[in-house]
Amino acid sequence: MSFFSKKVSRIQPSPTISITAKAKKLKQEGKKIIDFSAGEPDFDTPENVKNAAIKAIEEGKTKYTPVNGTKELIDAIIKKFKRENNLNFDSEEITVGCGGKQVIFNALLATIEKDDEIIIPSPFWVSYPDMAILTEGLPVVLDCSQENNFKINPQDLENKITNRTKWVILNSPSNPTGAFYSELELQNLAKILLKHPHVWVMCDDLYEHIIFDNLKFKNILQVDDKLKPRTFVVNGVSKAYAMTGWRVGYGAGPKELIKEISKIQSQSTTHTSSISQAAAIEALNNSDEFIKKNKKIFQDRRDLIFSNLKNFTELQVFLPQGSFYVYVCCNDIIGKKKEDGIEIKNDIDLSDYFLDEGVAVVPGEAFGCSNFFRISFATSNENINEGCKKIIDACKKLK
Ligand code: GLU
């Protein structure tokens, strides 16, 4: 009998984290790699945020904080929801954790019994299914076709709901496709969800601020607040404020859920770093300009990727409305052979081949949707131009 638990043997290390680490290592070894794998903004954390952290250290804010976060941070989160989403939460409805990742994991751990079902629209962020498995739940993958712009068809959602369904995960804008739900689309999903009162909704809004073409972000609660007693809204400072390493995510939802999450957190990490919390307060309260500026930069980069790849018809690029990812269909490349005669059998082989050719991407298989790969455009225009050229040249060498 193995010493190690079965549930851990059923999960993989996060592929996004692994590939990014591999690309970094190759770079450290002196290899020239254009890194299109990293799911993190390439900008530095804003100066005012860094200064708030330094000030917190100097003022001795280096001790334990309340498990759910400091009062000042909880107040800043409440204000953020009011200001940006017109949602009202009180302090007992907020939790802060070590990144959106831990907040989602805590919520699943707090609610999932063995074989409870979690509906996960695919393509999905790599960690949802494995988190579901770790909590002994069953990930139920809901395929969202490209024809439907990688978004949930409400009828398909209803077909997946059973009496074991506990959660449906909504991620708009989506990682990895950048698909964005309009108000009307959210209304249509809300209509289905309202018919199934035992199902809770987990909104992963991490990319809320990275949206293009003057779209206005809406959370499903802004569209139908009848879902509020069973919706958990997850957000964080990582993507919006270039603060991935600070590890601050937060969740807002019914206080019974927050209470259970708080128990788990008090027995595991206690809370995220007090210094990171001080930085997050400044980010949430005073960084509107930073967000505005970066949104424009990301939109320009998206357009640049698109113009680089659009004439190369063997790859089909899905134009994202948000996030800093493009999802690229590589169907026409699969089955071709490299110069050494070895066949590219799938998107994993293709991503490995691209890495040999000096560009790191994440294979679609990691997101539950093969024959695609994900490009992160959280990198400079020069890198975008060079990386796209490398991808096209590499594809052209295949026979
Ligand atoms: N969310 C980012 C990504 O998809 C960062 C890595 C991770 O936590 O998955 O690349």
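Rules and cut-offs
- Residues numbered from 1 in each chain as written.
- Predicted model: local features only at pLDDT ≥ 70, side-chain atom pairs only at ≥ 80, totals over all residues.
- Heavy atoms only, no water.
- Helix = DSSP H or I, 4+ residues; strand = E, 2+ residues; numbered from the N terminus.
- Rg over C-alpha atoms; globule rule 2.2 N^0.38 Å.
- Buried < 20%, exposed > 50% of the residue type's maximum accessible area, 1.4 Å probe, protein only.
- Contact = heavy atoms within 4.5 Å.
- Areas by Shrake-Rupley, 256 points an atom, 1.4 Å probe, with all protein chains shown as cover.
- Lys, Arg positive; Asp, Glu negative; His and termini not counted.
- Charge placed at Lys NZ, Arg CZ, Asp CG, Glu CD.
- Salt bridge = Lys/Arg side-chain N within 4 Å of Asp/Glu carboxyl O.
- Near = heavy atom within 4 Å.
- Polar contact = N/O pair within 3.5 Å; in protein donor to acceptor, adjacent residues only side chain to side chain.
- Expected span 1.5 Å × (residues − 1).
- Arc of directions from axis to C-beta.
- Phe/Tyr/Trp six-rings, centres within 6.5 Å; stacked < 30°, edge-to-face > 60°.

Novice: So what about the overall build of the chain? Which residues, and what values?
Specialist: Of the regular secondary structure elements, the chain holds 14 helices and 13 strands. Taken over C-alpha atoms, the radius of gyration comes to 21 Å for the chain, in line with the 21 Å a tight globule of 399 residues would show. Each of the three principal axes of the chain carries a C-alpha extent, and together these read 60 × 55 × 50 Å. Among the 399 residues that make up the chain, the fraction classed as buried is 55%. Counted over contacts in the chain with a minimum sequence separation of 6, partners at least 24 positions apart contribute 75%. For the chain, the exposed surface amounts to about 17700 Å²; the carbon and sulfur share of it is 52%. Side chains of the chain carry 53 positive and 53 negative charges; the gap between the two charge centres is 1 Å.

Novice: An account of the pattern of salt bridges is needed here, citing residue identities and associated values.
Specialist: Inspection of the entire model under this criterion finds 28 salt bridges. In this structure, the salt-bridge partner of glutamate 59 is lysine 55, at a minimum N-O distance of 3.5 Å. Among the charged side chains, a network of salt bridges with common partners joins Lys80, Arg83, Glu84 and Glu208.

Novice: Could you give me a rundown of the site of the ligand, with the residues and numbers involved?
Specialist: Taken together, Ser14, Thr16, Ile17, Gly39, Lys101, Trp125, Asn175, Tyr207, Lys239, Tyr325 and Arg374 make up the full set of residues adjacent to the ligand. Asparagine 175 has a polar side-chain atom sitting 2.8 Å from an oxygen atom of the ligand. One of the side-chain N or O atoms of lysine 239 is found 3.1 Å from a nitrogen atom in the ligand. Computed on the free molecule, the ligand has an accessible area of 280 Å², of which 88% lies beneath the protein chains in the complex.

Novice: Residue-level account of helix α12 (residues 288-309), with values.
Specialist: With 22 residues, α12 should cover 32 Å at 1.5 Å per step; its first-to-last C-alpha distance of 32 Å lies within 8% of that length. The complete set of buried residues in α12 reads Phe290, Ile291, Asn294, Phe298, Arg301, Arg302, Ile305 and Leu309. Considered in projection along α12, the buried side chains sweep an arc of 105° and stay on one side of the axis. Residues Glu289, Lys292 and Lys296 are exposed on α12 and point more than 90 degrees away from its buried face. On the buried face of α12, the contacting elements are β9 (316-318), β10 (325-329), β13 (372-376) and α14 (381-397).

Novice: Could you give an account of the environment of tryptophan 200, naming the residues involved and the relevant values?
Specialist: On the secondary structure map, tryptophan 200 appears in strand β6 (residues 200-204). In sequence terms tryptophan 200 and glycine 253 are 53 residues apart; their C-alpha atoms lie 10 Å from each other. With sequence-adjacent residues up to four places away left out, tryptophan 200 is seen in contact with Lys166, Trp167, Val168, Pro229, Arg230, Thr231, Pro254 and Leu257.

Novice: Please give an account of the packing of aromatic side chains that cites residues and values.
Specialist: Evaluation of the coordinates by the stated rule reveals 19 aromatic pairs. Aromatic pair phenylalanine 150 and phenylalanine 318: ring centres 4.8 Å apart, planes at 80°, arrangement edge-to-face. With phenylalanine 150 in the loop between β4 (138-143) and α7 (154-160) and phenylalanine 318 in strand β9, this pair connects stretches of sequence that are 168 residues apart. Classification of phenylalanine 150 by relative accessible area gives buried; the value is 5%. Taken together, a centroid distance of 6.3 Å and an interplanar angle of 70° make the contact between phenylalanine 298 and phenylalanine 377 edge-to-face. Here phenylalanine 298 is found in helix α12, whereas its partner phenylalanine 377 is found in the loop between β13 and α14, with 79 residues between them in sequence. Across this residue pair, the class does not change: phenylalanine 298 and phenylalanine 377 are buried.

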